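# Fold and contact review
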Amino acid sequence: MSTTTAGGGPDGPLAGKVALVAGATRGAGRAIAVELGRAGATVYATGRTTRERVSEVGRTTETIEGTAELIDAAGGRGVAVAADHLEPEQVRAVVDRIEREQGRLDVLVNDVWGGEHLVTFGKRTWETDLAGGLRMLRLGVETHLVTSSIALPLLVREPGGLVVEVTDGTAETNRGLRENLFYDLAKFAPIRMALGLGEELRELGGTAVSVTPGFLRSEQMLENFGVTEENWRDAVAHQPLFAIAESPVYVGRAVAALATDPERSRWNGRSLSSGELAREYGFTDADGSRPDAWAYLAAVDASSADQVDASAYR
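Residues numbered from 1 in each chain as written. Predicted model: local features only at pLDDT ≥ 70, side-chain atom pairs only at ≥ 80, totals over all residues. Heavy atoms only, no water.

## Observations regarding the packing of helix α1 (residues 27-38) against helix α2 (residues 64-74)
Interaxial distance between α1 and α2 falls to 7 Å at its minimum, and their mutual angle equals 30°. Here α1 is positioned roughly parallel relative to α2, judged by the angle of their axes. Considering the relative orientation of α1 and α2, their crossing is right-handed. Here R30, A33, V34, G37 and R38 of α1 lie close against α2, whose contacting residues are G66, T67, L70, I71 and A74. Across the contact of α1 with α2, the residue classes break down as five nonpolar, three polar and two charged. (Axes fitted to C-alpha atoms, helices over the stretch in contact; angles between N-to-C directions. Helix = DSSP H or I, 4+ residues; strand = E, 2+ residues; numbered from the N terminus. Parallel < 35°, antiparallel > 145°, perpendicular 65-115°, else oblique. Left-handed = near helix turned anticlockwise from the far one by under 90°. Contact = heavy atoms within 4.5 Å. Nonpolar A, V, L, I, M, F, W, Y, C, P; charged D, E, K, R; others polar.)

## Here's the deal with the sheet that holds strand β4 (residues 107-110)
The sheet built from seven strands is open, its strands ordered β3-β2-β1-β4-β5-β6-β7 with parallel pairing. If you trace the sheet from one side to the other, it starts and ends with β3 (77-82) and β7 (271-273), each paired once. Taken over all neighbouring pairs, the strand axes of this sheet differ in orientation by 20° on average, direction set aside. Sheet topology note: the strand β6 (residues 207-212)/β7 ladder contains three bridges and is parallel. Bridge pairing links V211 to L272 in β7. Sheet contacts for helix α8 (residues 274-281): β6 and β7; angle to β7, the most-contacted strand, approximately 75°. (Pairing = 2+ DSSP bridges.)

## Examining helix α5 (residues 181-202)
Its 22 residues give α5 an end-to-end C-alpha distance of 31 Å, which sits within 8% of 32 Å, the value for a rise of 1.5 Å per residue. Measuring from the side-chain oxygen of the N-cap residue of α5 to the backbone nitrogen of F182 gives 2.9 Å; that N-cap residue is N180. (Expected span 1.5 Å × (residues − 1). Polar contact = N/O pair within 3.5 Å; in protein donor to acceptor, adjacent residues only side chain to side chain.)

## Looking at the layout of surface pockets
Considered as a void within the structure, the second largest pocket measures approximately 380 Å³ in volume. In terms of lining, the second largest pocket is formed by 21 residues, of which the most central are R217, E219, E229, P248 and V249. Of all the secondary structure elements, the ones that give two or more residues to the lining of the second largest pocket are α1, α2, α6 (219-225) and α7 (248-260). The greatest single-element share of the lining of the second largest pocket, amounting to six residues, is contributed by α1. (1 Å grid on protein atoms, 1.4 Å probe; cavity = no way out; pocket = protein on both sides within 12 Å on 5 of 7 lines; lining within 4 Å. Points joined across faces, edges and corners; volume = space filled by probe spheres on them.)

## So, the pattern of salt bridges
For the structure shown, the criterion picks out 19 salt bridges. Between E142 and R138 there is a salt bridge, with the nearest N and O atoms lying 2.9 Å from each other. With E142 and R138 both in helix α4 (residues 130-155) and four residues apart, this pair spans about one turn of that helix. A relative accessible area of 30% places E142 in the partly exposed class. With a relative accessible area of 33%, R138 lands in the partly exposed category. One salt-bridge network, held together by shared partners, links R26, R59, E62 and E223. (Salt bridge = Lys/Arg side-chain N within 4 Å of Asp/Glu carboxyl O. Buried < 20%, exposed > 50% of the residue type's maximum accessible area, 1.4 Å probe, protein only.)

## Things to note about the packing of aromatic side chains
For any pair of aromatic rings, geometry is given as the distance between the ring centres together with the angle between the planes. For the structure shown, the criterion picks out seven aromatic pairs. With centroids separated by 4.6 Å and ring planes inclined at 40°, the aromatic side chains of F225 and F242 adopt a geometry described as tilted. Of the two residues, F225 sits in helix α6 while F242 sits in the loop between α6 and α7, which places them 17 residues apart along the sequence. Overall, F225 belongs to the partly exposed group, its relative accessible area being 26%. Their ring planes at 85° and their centres at 5.8 Å tell us that W232 and F242 sit as a pair that is edge-to-face. Placement of W232 in the loop between α6 and α7 and of F242 in the loop between α6 and α7 is noted, with a sequence separation of ten residues between them. Note on W232: relative accessible area 5%, which makes it buried. We classify F242 as buried; its relative accessible area is 0%. Each residue in the set F215, F225, W232 and F242 is aromatic and connected to the rest through ring pairs, giving one cluster. Above the face of the W113 ring, K187 is positioned so that its terminal group lies 3.9 Å from the ring centre. (Phe/Tyr/Trp six-rings, centres within 6.5 Å; stacked < 30°, edge-to-face > 60°. Lys NZ or Arg CZ within 6 Å of the ring centre and 35° of its normal.)

Written out as structure tokens, the structure is:
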């Protein structure tokens, strides 16, 4: 049973709206799904890790069922559906279910990834494992194309639909190579997808954007640094750039703000960051701060981490 929170549930700005968050198991996808639910939406949360089955990522602590429960607790309605978004028939089954149960789709979030374990830096393309690199492209690009191809016919039945491509970086910040060519392509492609889909959706009254978090304190990142959300600042001693880190809630609030904005078409085709959207819409991270990671990282590139005060960018 859903628990209504202030501003959410049946009285929320997204009450009666339906969202599909593809890749909602953990990290940004989970937070986006929860914040859409907090605004009152019914959210279909898909992913490969369930309480009975673990994906190649190998994490058992986060599941799509857990995400659905968090959506319910936030005041929305969460529906967990296991799906591999590289398998068109599985994606089609998800969309058919949404059509059968809801008759509409208002928000599509393409956040499928799960390729962190394949990323290696410090190697040239011909020194990088080819199979791993191609798998990254399948996980980060093909999944998004499969999902959009199958889900958009339902989304465009009504004007005003929103497509969000979640990635790492914006068109501006991704001008330089991201150290690994396969990773670079996987993360730049969603920016181009948003641009192209924006053109296709414009005449139908829809909007497509790409959205990036900054230095994300995902569950996996916190674990890598040996800290928790409560003591994450302890990791700054080992990685100074972590001083600008943001929780997944921040990008979740960014997407929810877009979804509730009746004038969001002004962003159509754009690549946006959580920090930029926070300035526009006035929301904060879970701790009340308003980090602008990409501006901070640009300042560090021009100087060094020990010469740039991260607090000036929070």
